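Working through the structure, step by step
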Amino acid sequence: MPVDGDLTTQFLYEALSRGKREWELTFDAVPDLIFITDTQHTITRANRAMADRLGMRPTEIPGRKCYELFHEIGEAPGTCPFLKLLQDGEAPHVEMEERHLGGFFEISVSPLYNELGEVAACVHVARDVTERKKAEEYRLALEQQLQQTQRLESLGVLSGGIAHDFNNILTIILGHCAMARTATPKEIQKHLEQIEQAGNRAADLCRQMLNYAGKSPLVQTEIDLSVQVREVVSMLQPAFKKKVAFKYLIEPSLPLIKGDQAQVQQIIMNLVVNAVEAIGDRRGTVGISLAEHTIAPDEGSCDAFGNTIAPGSYLCLEVSDDGCGMSEETRQRVFDPFFSTKFTGRGLGMSATIGIIRSHNGALQLSSTLGEGSSFRIFFPTCPAPSPRRDAGPAVEPPRQSQERLKGTVLLVDDEPELRQVGTVLLNGLGLSVITACNGREALDIYRERSRDIDLVLMDLTMPEMDGVEAYQELRREAPALPILFCSGYGKKEVSPFIDSDPNAAFLAKPYNREQMRYMLRKLRDCAVSGS
C-alpha cells in the first residue's frame, strides 16, 4: 500500500508539473501582452511578449507597478480599466497610445476572485492594434482626399449655378430697363419697382451664399408664403420662354410660416426653374399650389426618403410640371450634391434645397413619371395660432420713408470710387456732410487732422494698405467712443469679435437703402449721446 500511495503521489505531481509547464508555454506563446496584478497594481506575473516589449527578462517584472512599466507614470491613470473594475464592477475595453512601447493598445481586464468572492487580482491583456489604427487613419486620409477632389470637381458646377441664378436676375433688370426706355411715366414707375425687387433679390442671394459659407447668421422671421411665391415667380417670369404658362391655386387666409426669407425664396426659385427647364422648348404648364395641410398622428405620411413626417399643421407648397419627368435612376440621385441632368450648374441644386427644408423642420415629397412630368410637395410647419393671418395678395406696402434730417459730418471710407460717390449722395440726402477716404491708412490720417469735425465713421471692411478691422483698432486707441459703422458685402461674422461688445460700433450689410442707413446712423448717434 505505501508503494501504491507513492506512485499515486508521483503521478499527481507529474500531472500538475505537466499542466503547469503547458500553462506557462501557452501563457508565453500568446502574442498579446499579458500581465497579472494585485489590487495595488503590483505585477505578480507577466508573459514573454510583455517582457520582450519592455526589453526586460520575465523574472525582472514581478514586484513592479504596472503603471510604471506600461505607462511610465507615477500613479494609475484615470483611464485605467482596473480602476473602473474596482469602482463600478465593470470591465471596459480601453484603447490608448503608449509612445515608449511604439504603438496603440486595446486593453481588457478580467478579475480573479478569492474564496470569499472578492477581487484579489486582475489579468490584463494588451493587444497591439497599431496596424489597425494605421489602416483606419489611411482610410480616413483617402476619404478626405476624395472629398477634396469632389469639392474641386464641383467648384465649376457651383460657380455655374450661381452665375445661372444671377443671370436670371440680371435678365429681369436689363429687360425692365429696356422696356422703361419706351414706357410712359406711369409705366416707368412699375419698371423701377421690378428692378428694385430684382436688386433686393440679388442682395438676398448674396446673403444666402454667405450663409452657406458660414459668414453670416440666419434671420428667422414670420413669412407670408403666398406673397413670396408670387413675388419670386413675377421676378423670374421675364426670363422664361413665353411657351410656359403658370397656373396658380392658392388658398386664401393662409397661416404664416417661420423661417429665413432668403432661403425660402431660394427653395421657390429652384423648384420653379427646375420645372420650367423640365418643359424645355415645347409648350407646357407649371402648376403652383399652396394650401393648409394637417398630418394626423396615425396618418403615417412619409417624405421622399422614406422618413415619417411628424404630425402637425403644415403649409404645403406644390410645384408641378408636365415636362419630361424622371426615370427611377434620376429620382434616386436627384438630391445628390451637384447632380444635374441638364447643363453644368443649375442653381444651388436640389441637395441644397432639401438642406434648407430640413433646417426649417419641413419635409419634401416627390412624384414623377418619365414623359409625363414631376411634382414636388414641400411641407412647412405653420406658426402658432396667435400669429396673424393674411389673405393671399400683393405684398404689404412698406412703411413710409422718414423725413428726419440728420446733422454732422461722416468720414466715408471705401476703396471703390463709385461707392464713395453713391454713398456721398445718399448721406448728403440725409442732411450729413461727407469727407471721403480710399483706405484705412488715409482715414486715420484724415481723422488725426480733423477729429473735431468728424462725428461718425462709415467704413468698408476689405481695402488695400489697411483694412477696416485694422483701422477700427487704431481709431479705438485714439477715440474709444467714436461711432463707427461697418458696411460690407461680407458677413458680420468677420467683425463680430470686435464690435459685439462695443456699443459705439455696428454693422450694415451691402447693399443697403436710404432708410436702413438712416436707422443705423440714428441708432449710433443716440447711443453715443446717451453714453456721453
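Here the structure is a predicted model, which means the values were calculated and not measured.

Look at helix α12 (residues 440–450) against helix α13 (residues 468–478): their axes get within 9 Å of each other, and the N-to-C directions meet at 20 degrees. Classified by the angle between their axes, α12 and α13 sit roughly parallel to one another. As for how α12 packs across α13, the hand of that crossing is right-handed. Taking contact as the criterion, the partners of G440, L444, Y447 and R448 in α12 are, on α13, A471, E474, L475 and E478. Of the residues in the contact of α12 with α13, the class split is 4 nonpolar, 1 polar and 3 charged.

In terms of nonpolar packing, the biggest core is built from 39 residues, with L225, F246, V272, V286 and L317 touching the most fellow members. Counting only elements with at least two residues in this core, the list comes to α7 (225–236), β7 (244–250), α8 (261–279), β9 (284–295), β10 (312–321), α10 (349–359) and β12 (373–381). In terms of residue count, the dominant contributor to this core is α8 (10 residues). With sequence-adjacent residues up to four places away left out, L225 is seen in contact with I257, V264, I268, L290, L315, L317 and F380.

This part covers the confidence of the model for the protein. Averaged over all residues, the pLDDT of the protein equals 81, while 85% of them reach at least 70. Note that pLDDT drops below 50 for residues 343–348; the model gives that stretch 25 contacts with residues more than four away or on any other chain. In the model, residues 387–400 has pLDDT below 50 throughout and makes 22 contacts with residues more than four positions away in sequence or in other chains.

Now for unusual backbone geometry. Between K510 and P511 the backbone carries a cis peptide bond, its omega angle lying at -5 degrees. Within the chain, H41 stands out as a residue other than glycine whose phi angle is a positive 70 degrees. Tracing the chain through its elements places H41 in the loop between β1 (33–38) and β2 (43–46). Judged by its relative accessible area of 9%, H41 is buried. The backbone of E465 shows a phi angle near 70 degrees, a positive value even though the residue is not glycine. Tracing the backbone shows E465 in the loop between β15 (456–459) and α13. The exposure class assigned to E465 is exposed, which follows from its relative accessible area of 66%.

A few words now on the sheet that holds strand β4 (residues 103–113). Spatial ordering of the open sheet is given by β2-β1-β5-β4-β3, a layout of 5 strands whose pairing is antiparallel. The strands lining the two open edges of the sheet, one partner per strand, are β2 and β3 (94–98). On average, each strand axis in the sheet is inclined to that of its neighbour by 30 degrees, with strand direction left out of account. Where β3 and β4 come together, 5 bridges link them in antiparallel fashion. When the sheet's bridge partners are listed, V94 is paired in β4 with I107.

Along α13, the positions that sit buried rather than exposed are G468, V469, A471, Y472, L475 and R476. In an axial view of α13, the angular spread of the buried residues amounts to 160 degrees, which keeps them on one side of the axis. The secondary structure elements touched by the buried residues of α13 are α12, β15, β16 (484–488), α14 (496–499) and β17 (505–509). The backbone nitrogen of V469 lies 3.2 Å from a side-chain oxygen of the residue at the head of α13, namely D467.

We now examine helix α4 (residues 81–88). Regarding α4, the residues found buried are P81, F82 and L85. All buried residues of α4 project into a common sector of 105 degrees when viewed along the axis, lining one side. Those residues of α4 that are buried are in contact with β1, β3, β4 and β5 (119–128). In the stretch just after α4, G89 is the one whose phi turns positive, near 75 degrees.

Calculation notes
Residues numbered from 1 in each chain as written. Predicted model: local features only at pLDDT ≥ 70, side-chain atom pairs only at ≥ 80, totals over all residues. Heavy atoms only, no water. Axes fitted to C-alpha atoms, helices over the stretch in contact; angles between N-to-C directions. Helix = DSSP H or I, 4+ residues; strand = E, 2+ residues; numbered from the N terminus. Parallel < 35°, antiparallel > 145°, perpendicular 65-115°, else oblique. Left-handed = near helix turned anticlockwise from the far one by under 90°. Contact = heavy atoms within 4.5 Å. Nonpolar A, V, L, I, M, F, W, Y, C, P; charged D, E, K, R; others polar. Core = buried A, V, L, I, M, F, W, Y, C linked by side-chain atoms within 4.5 Å. Buried < 20%, exposed > 50% of the residue type's maximum accessible area, 1.4 Å probe, protein only. pLDDT = per-residue confidence, 0-100. Pairing = 2+ DSSP bridges. Arc of directions from axis to C-beta. Polar contact = N/O pair within 3.5 Å; in protein donor to acceptor, adjacent residues only side chain to side chain.

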